[in-house]
Amino acid sequence: MSKESSSTTFSDQLPPLKSLKDLLDPSQVSWEPSDLQTYGKDWSKHLKAQPLALVFPKSRQEVQTLVRWARENKTALVPSGGRTGLSGGATATQREVVVSFEKMNRILDFNPVDQSVTVEPGVITETLQNFVREQGFYFPVDFAARGSSQIGGNIATNAGGIKVLRYGLMRQWVMGLEVVTGSGEFLQLNHGLIKNATGYDLRQLIVGSEGTLALITQATLAVTRPPQEALVFLLAVPELEGLMKIYHSYRSQLPLLAFEMFTDKALNHVLKSSGLKAPLQERAPYYVLMELEQTSDSVADQAMEILSSALEQGWMVDGSLAQSPQQARDFWRLREDITEATAFAQPYKNDISVRISQVPDFLRQMDSLLTQQYPDFEVVWFGHIGDGNLHINILKPESLSPEEFLQRCKSVDQQLFAMIQKFSGSVSAEHGVGLVKKPYLEYSRSPAEIQLMREIKRAFDPDGILNPGKVFDP
Ligand code: MLT
Ligand code: ZN
């Protein structure tokens, strides 16, 4: 990253920016166009990034200095982690300064008595998972983007992923936070305590606030003992109805770690892009990838009994238990590689949820809506069906321009979200609201709730400099 080449003209045109270089070491500031494009957006590819500059603070003090600078210069800041978000929460579209946390990436402390680990926000999820495993513990928030997502981003979006039904969301693992608010105030929230009944839990307000209230400078996270070895199953399911029947049979009797689904269309894309072989003899419209914790010797036998009974009842047509760690990893790839395998078609993404008891009804209605409304588009869906969360991906036909494609998808969204509202579901289960889902927030949150969120934002960020325009408008 070089700055000097483009700095003269750019900073001359924009005097306040020039002063950024007085605040930080020159190596921590950039306005190189290629850097701005890389760091100015996340994975929500339909948005155009237009940041003013990019900064890499290395300490809490530098974050505080940047916030004060932003207030004085009336310039907005967009916090940026691993940029794996899918709702544009970390995209700078309005000439903001992007604050990348990648240089604040130290693991600061591990405490086996408290069963906690304290980190800077730029630590990569997988780095943390590996570190904790080396200490004999386990950090369970996990998803396909583990290799590049960062802890700060996971907290800011209340990340979910593949183990939610057993371990919950990111917020359950946040024991303490240190943050700098939009007014430049440094707050230490909850101090790693388990019990703390002293009023509003501001820590939990920051979790999921998508960088609109404060910038996270440090986090203390809980860890747990590692699960027993997992049994990994892949099941082929002929009809939608079968998915949740299988789920209930296993969930009511055995310790489920994960229960994911994907369609045959999704499988086709992964097989094509990965070179993996079809995993089962039978193909079916739907597949379930299920992990069970082997808490006792009887789990495997019980699991096989349920499988035989599900086969007899026609809920599934084929099923296989991974026979080796390699086969288990290959089964997981069939689910986790879907996002990358479909990326070529610039999918329009929805990430929705309903209560688990409503999933069968919702799936039926959603399937008929999507078949009716998208007769000519390929619709690929998959998701964390065990916690009521589905990812719907509409692939762009080559013949359509991105603009026409977006317009078509957005018109179907109105109907899909109206249906979700009827189910009291969520228009964004785990990807966040950002810019992409902002127009639809009212399908999941009432006007009174949104108004309260605005007032909370004003209390934390009176000048509106932290990620403005994300989640809701002022
Ligand atoms: C996933 O579950 O794989 C992620 O949420 C990514 C996606 O929805 O594309
Ligand atoms: Zn997901």
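Now for a description of the structure that goes with this document. No experiment lies behind these values; they were computed from the predicted model shown.

Some words on the pattern of salt bridges
Two side chains bearing opposite charge may form a pair once their charged atoms approach each other closely.
Thinking step 1. With the rule as written, the count across this model stands at 16 salt bridges.
Thinking step 2. The salt bridge involving Arg 71 is made with Asp 463; its shortest N-O contact spans 2.6 Å. Residue Arg 71 is located in helix α5 (residues 60–72), and its partner Asp 463 is located in the segment after α17 (447–460); the two are separated by 392 residues in the primary sequence.
Thinking step 3. For Arg 71, a relative accessible area of 27% corresponds to the partly exposed category.
Thinking step 4. On the basis of relative accessibility, which here comes to 43%, the residue Asp 463 falls in the partly exposed class.
Thinking step 5. As a salt-bridge pair, Glu 241 and Arg 364 come within 2.8 Å of each other at their nearest N and O atoms. Pair noted here: Glu 241 is in helix α10 (residues 240–253) and Arg 364 is in helix α15 (residues 359–373), with a separation of 123 residues, a long-range link.
Thinking step 6. Under the relative-accessibility criterion, Glu 241 is labelled partly exposed at 33%.
Thinking step 7. Through salt bridges with shared partners, a single ionic network connects Asp 142, Arg 146 and Glu 336.

A word on the site of ligand 1
Thinking step 1. All residues in the neighbourhood of ligand 1 are listed as Leu 86, Arg 335, Thr 339, Lys 349, Phe 382, His 384, His 391, Glu 430 and His 431.
Thinking step 2. Between ligand 1 and Arg 335, the relevant distance is 2.7 Å, taken from an oxygen atom to a side-chain nitrogen or oxygen of the residue.
Thinking step 3. Coverage of ligand 1 by the protein amounts to 89% of the 260 Å² it exposes when considered alone.
Thinking step 4. Per-class residue counts for the shell around ligand 1 are two nonpolar, four polar and three charged.

Details of a nonpolar patch on the surface
Thinking step 1. On the surface, Tyr 200, Leu 202, Leu 205, Leu 452 and Ile 456 cluster together to form a nonpolar patch covering roughly 500 Å² of accessible area.
Thinking step 2. Those elements that provide at least two residues to the nonpolar patch are α9 (202–206) and α17.

Regarding empty space enclosed by the protein
Thinking step 1. Counted according to the given criterion, the structure contains two cavities of 30 Å³ or more.
Thinking step 2. Roughly 40 Å³ of volume is contained in the largest cavity.
Thinking step 3. If you trace the largest cavity, you find it lined by Ile 352, Ser 353, Val 354, Val 359, Phe 362, Leu 363, Ile 385, Gly 388, Asn 389 and Leu 390.
Thinking step 4. Of all the secondary-structure elements, those providing two or more residues to the lining of the largest cavity are β14 (348–353), α15 and β16 (389–395).
Thinking step 5. The leading source of residues in the lining of the largest cavity is α15, at three residues.
Thinking step 6. In the lining of the largest cavity, the residues fall into seven nonpolar, three polar and no charged.
Thinking step 7. Estimated volume of the second largest cavity: approximately 40 Å³.
Thinking step 8. For the second largest cavity, the full set of lining residues is Asn 350, Leu 370, Tyr 374, Ile 392, Ile 394, Val 412, Asp 413 and Leu 416.
Thinking step 9. Counting residues per element, the ones that place at least two in the lining of the second largest cavity are β16 and α16 (402–422).
Thinking step 10. Examining the composition of the lining of the second largest cavity, we find that three residues originate from one element, α16, more than from any other.
Thinking step 11. For the lining of the second largest cavity, a count of residues per class yields six nonpolar, one polar and one charged.

Things to note about the nonpolar core
Within soluble globular proteins, side chains that are nonpolar tend to cluster in buried spots.
Thinking step 1. Residues Tyr 250, Leu 292, Met 366 and Trp 381 are the most contacted members of the largest nonpolar core, which totals 58 residues.
Thinking step 2. Counting residues per element, this core draws most heavily on α16, at eight residues.
Thinking step 3. Setting aside anything within four residues of it in sequence, one finds Met 366 in contact with Ile 352, Trp 381, Leu 390, Ile 392, Leu 416 and Met 419.

Focus on the packing of aromatic side chains
Thinking step 1. Counted by the stated rule, this structure contains 15 aromatic pairs.
Thinking step 2. Each ring, one from Phe 139 and one from Trp 173, has its centre 6.5 Å from the other, and the planes form 75°; the classification is edge-to-face. Taken together, the residues span a long stretch of sequence, with Phe 139 in the loop between α6 (125–134) and α7 (151–156) and Trp 173 in the loop between α8 (164–167) and β7 (174–181) at a distance of 34 residues. In this structure, Phe 139 and Trp 173 share a single accessibility class: buried.
Thinking step 3. Geometry around Phe 186 places Arg 60 over its ring, the cationic atom sitting 3.5 Å from the centre.

Calculation notes
- Residues numbered from 1 in each chain as written.
- Chains lettered and ligands numbered in written order.
- Predicted model: local features only at pLDDT ≥ 70, side-chain atom pairs only at ≥ 80, totals over all residues.
- Heavy atoms only, no water.
- Salt bridge = Lys/Arg side-chain N within 4 Å of Asp/Glu carboxyl O.
- Helix = DSSP H or I, 4+ residues; strand = E, 2+ residues; numbered from the N terminus.
- Buried < 20%, exposed > 50% of the residue type's maximum accessible area, 1.4 Å probe, protein only.
- Near = heavy atom within 4 Å.
- Polar contact = N/O pair within 3.5 Å; in protein donor to acceptor, adjacent residues only side chain to side chain.
- Areas by Shrake-Rupley, 256 points an atom, 1.4 Å probe, with all protein chains shown as cover.
- Nonpolar A, V, L, I, M, F, W, Y, C, P; charged D, E, K, R; others polar.
- Patch = residues over 30% accessible without salt bridge, like charges linked within 9 Å, V, L, I, M, F, W, Y side chains within 5 Å.
- 1 Å grid on protein atoms, 1.4 Å probe; cavity = no way out; pocket = protein on both sides within 12 Å on 5 of 7 lines; lining within 4 Å.
- Points joined across faces, edges and corners; volume = space filled by probe spheres on them.
- Core = buried A, V, L, I, M, F, W, Y, C linked by side-chain atoms within 4.5 Å.
- Contact = heavy atoms within 4.5 Å.
- Phe/Tyr/Trp six-rings, centres within 6.5 Å; stacked < 30°, edge-to-face > 60°.
- Lys NZ or Arg CZ within 6 Å of the ring centre and 35° of its normal.

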